[in-house]
Amino acid sequence: MLLDRAYLYLAIPAGVQALLLASFYYLGFGLGEGVIVYYLPVLIASAVLMLGHRHLLSVLAGASSLSLTAADRWVCLSFSWLIVLFGALDLLVNGVKILNPGTYAEFHGYGRYFRHFSIMCWVLIPVSLLCSRSRAVKLFFITYALIFPVIIVDRNRLLLSFFAFFFCYVIYCNGWKRRNLNVIVLLVVVLAFGGLGAYRSGASFEVETSGKFLADGFLPLRDSFFLLPSLLRQIVLYVTTPIVNYSLVYSVDFSNADFFLSQMSPFGREEYDAYPYSPVLVQRFNVGTEFFPQLMYGGVFFSSFSFVFMIVCFVFSVLFLRSSKSIFALVIFLKFAHTIIFMGFAPQFFIFYNFAFVFLFLLLQFFSRTLTALARLNAINRSIPIGCDRTRVR
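Residues numbered from 1 in each chain as written. Predicted model: local features only at pLDDT ≥ 70, side-chain atom pairs only at ≥ 80, totals over all residues. Heavy atoms only, no water.

Let's hear about the environment of Val358: which residues, and what values?
Mapping Val358 onto the fold places it in helix 14 (residues 352–383). Considered as a pair, Val358 and Phe328 are 30 residues apart in the sequence and their alpha carbons are 9.3 Å apart. When neighbours within four sequence positions are excluded, Val358 is seen to be in contact with Ile332 and Phe336. (Helix = DSSP H or I, 4+ residues; strand = E, 2+ residues; numbered from the N terminus. Contact = heavy atoms within 4.5 Å.)

What follows is the structure, encoded as structure tokens:
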């Protein structure tokens, strides 16, 4: 099964992205060199992960044999209802963004901090399928996890929710036997993602070509790009422009440390005046890859080091899932797997929120294990008759 092979989480998305670049872009004037610099570590890492698949990096070895305690279910369900509560507070304070998509990035007062919790809505999917015994709760959690990102116009969170649903559906609901349904789900993802982008950005996603040359305000697109339907064109731009931006910054050797520093400083982003400036061709497409900020901060070396660190964390999540076999380890794996799959589209791993998320779920696992240990200790104490010598009772 493809989901069992850790290296494919890296190789398949990168391959699709490279194919789209080769099909729809002219990669001259230094852009081609930047693309090679970006993809060379990806090829090496994919090969290394492939070698380690059989003995170490089998995803299903951990995901298919989870062990859930009553405390695990209670902690996960309680936390899920807390996420729903923060979602309601988010909408109350920040507004329903789908009604005014131009304000999707605007927050009011404490609304920014409510959003940090509300965007964990995707966690409700594995919790609903593995922890809840109520069909009504399962249906509500899954529906909420898929609808809430649409309400707040957050396409990245929508992709994460769909990925979590697809993974859990295939692994825990025997979804791999229903290939026709899998194709339908994929089409729904494409339509929902593209439709939400078109609704949010409208005509601003349209861009003209500069042909084989580079020019401000244009992209070096081939004529074949404009033969695609509008919905597919915007998806292609979403997938490919981060690599183009990365390659351009590499070719001109541009530096801007504020880009990376602001990303790692969620409470003091306003202190960095140069954020988010970069010499991209089309300013409204200023998003780079996961390693775009690192490239501007410390060059190719720091970008490559960040990539290696990210791969190590992904491997850790696979091994942790295999050894722990807990739903908390599964959630951490899904988060890391998602960042690996979409690392070519936008920074989602090297942000303060991501590391806080991992720490939070490690803390939740510790809390659940503590509750389980206390419950067992209490059960042992209750089984000992009053007046007996407890040191001799077995």
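Now, onward.
With reference to specific residues and values, describe the packing of aromatic side chains.
Two aromatic rings are characterised by how far apart their centres lie and by the angle between their planes. Within the structure shown, the criterion is met by 34 aromatic pairs. Between the aromatic rings of Phe79 and Phe361, the centroid separation amounts to 5.5 Å while the plane-to-plane angle is 85°, which identifies the pairing as edge-to-face. On the criterion of sequence distance, the pair formed by Phe79 in helix 4 (residues 70–94) and Phe361 in helix 14 is long-range, its members being 282 residues apart. An identical accessibility class is assigned to Phe79 and Phe361; each is buried. (Phe/Tyr/Trp six-rings, centres within 6.5 Å; stacked < 30°, edge-to-face > 60°. Buried < 20%, exposed > 50% of the residue type's maximum accessible area, 1.4 Å probe, protein only.)

Break down empty space enclosed by the protein for me, citing the residues and quoting the values.
Counted according to the given criterion, the structure contains three cavities of 30 Å³ or more. Quantified by volume, the largest cavity comes out at close to 60 Å³. Lining the largest cavity are Val37, Tyr38, Pro41, Tyr246, Phe291, Val300, Ser303, Ser304 and Phe307. Where the lining of the largest cavity is concerned, the elements lending two or more residues are helix 2 (31–51) and helix 12 (292–324). Looking at the lining of the largest cavity, its residues break down into seven nonpolar, two polar and no charged. Surrounding the second largest cavity, Leu10, Pro13, Ala14, Gln17, Tyr38, Ile340, Ile341, Met343 and Gly344 form its lining. When contributions to the lining of the second largest cavity are tallied by element, the ones reaching two or more residues are helix 1 (6–24) and helix 13 (327–341). Tallying contributions element by element places helix 1 first for the lining of the second largest cavity, with four residues. Taken together, the residues of the lining of the second largest cavity sort by class into seven nonpolar, two polar and no charged. (1 Å grid on protein atoms, 1.4 Å probe; cavity = no way out; pocket = protein on both sides within 12 Å on 5 of 7 lines; lining within 4 Å. Points joined across faces, edges and corners; volume = space filled by probe spheres on them. Nonpolar A, V, L, I, M, F, W, Y, C, P; charged D, E, K, R; others polar.)

Give me the nonpolar core: which residues, what numbers.
In this structure, Tyr9, Phe167 and Phe333 are the most contacted members of the largest nonpolar core, which totals 116 residues. Setting aside residues up to four positions removed in sequence, Phe333 forms contacts with Tyr9, Val59, Phe167, Phe314, Ser317, Val318 and Leu321. (Core = buried A, V, L, I, M, F, W, Y, C linked by side-chain atoms within 4.5 Å.)

Outline the pattern of salt bridges, supporting the account with residue identities and numerical values.
All told, the structure shown has three salt bridges when counted by the stated rule. One salt bridge in this structure joins Arg369 and Asp72, with 3.0 Å as the shortest N-O distance. Of this pair, Arg369 sits in helix 14 while Asp72 is found in helix 4, placing the two residues 297 residues apart along the sequence. On the basis of relative accessible area, Arg369 is assigned to the partly exposed category, the value being 32%. The partner of Arg157 in a salt bridge is Asp154, with the nearest N and O atoms 3.4 Å apart. For Asp154, a relative accessible area of 15% puts it in the buried group. (Salt bridge = Lys/Arg side-chain N within 4 Å of Asp/Glu carboxyl O.)

Residue-level account of the state of the cysteines, with values.
Scanning the model with the defined rule gives zero disulfides in all. Cys76 takes part in no disulfide bond, and the closest cysteine sulfur, belonging to Cys131, lies 4.3 Å away. (Disulfide = S-S within 2.5 Å.)

Break down the packing of helix 2 against helix 10 (residues 230–252) for me, citing the residues and quoting the values.
Relative to each other, helix 2 and helix 10 sit at 110°, their axes nearing to 8 Å. Relative to helix 10, the element helix 2 lies roughly perpendicular. Between helix 2, through Leu31, Glu33, Gly34, Val35, Val37, Tyr38 and Tyr39, and helix 10, the contact on the second element is made entirely by Ile243, Val244, Tyr246, Ser247, Leu248 and Tyr250. The residue makeup of the contact of helix 2 with helix 10, split by class, is 10 nonpolar, two polar and one charged. (Axes fitted to C-alpha atoms, helices over the stretch in contact; angles between N-to-C directions. Parallel < 35°, antiparallel > 145°, perpendicular 65-115°, else oblique.)

Could you give an account of the packing of helix 4 against helix 7 (residues 135–151), naming the residues involved and the relevant values?
At a minimum axis separation of 12 Å, helix 4 and helix 7 run at an interaxial angle of 35°. In this structure, helix 4 meets helix 7 at a crossing whose hand is left-handed. Here helix 4 contributes Leu77, Ser80, Trp81, Ile83, Val84, Gly87, Asp90 and Leu91 to the contact with helix 7, which in turn contributes Val137, Phe140, Phe141, Tyr144, Phe148 and Ile151. By residue class, the composition of the contact of helix 4 with helix 7 is 11 nonpolar, two polar and one charged. (Left-handed = near helix turned anticlockwise from the far one by under 90°.)

Report on helix 4, specifying residues and quantitative values.
Taking 1.5 Å as the rise per residue, helix 4 with 25 residues should run 36 Å; its terminal C-alpha atoms sit 36 Å apart, in good agreement. For helix 4, the full list of buried residues reads Ala71, Asp72, Val75, Cys76, Phe79, Ser80, Ile83, Val84, Phe86, Gly87, Asp90 and Asn94. (Expected span 1.5 Å × (residues − 1).)

How would you sum up the confidence of the model for the protein chain? Please name residues and give values.
The pLDDT averaged across the protein chain works out to 84; a share of 88% of its residues lies at or above 70. In this model residues 386–394 is a low-confidence stretch, pLDDT under 50, and it forms four contacts with partners more than four residues away in sequence or in other chains. (pLDDT = per-residue confidence, 0-100.)

Which residues make up the environment of Ala192, and what are the values?
Along the polypeptide, Ala192 turns up in helix 9 (residues 179–201). A relative accessible area of 26% means that Ala192 is categorised as partly exposed. A C-alpha to C-alpha distance of 8.7 Å links Ala192 and Leu158, two positions 34 residues apart in sequence. Contacts of Ala192, omitting those with residues within four sequence positions, involve Leu158 and Phe162.

Describe unusual backbone geometry, naming the residues involved and giving the relevant values.
Phi is positive for Asp253, which is not a glycine, with a value near 55°. Within the chain, Lys325 stands out as a residue other than glycine whose phi angle is a positive 55°. Among the structural elements, Lys325 can be located in the loop between helix 12 and helix 13. Look at Lys325 and you get partly exposed, because its relative accessible area is 28%.

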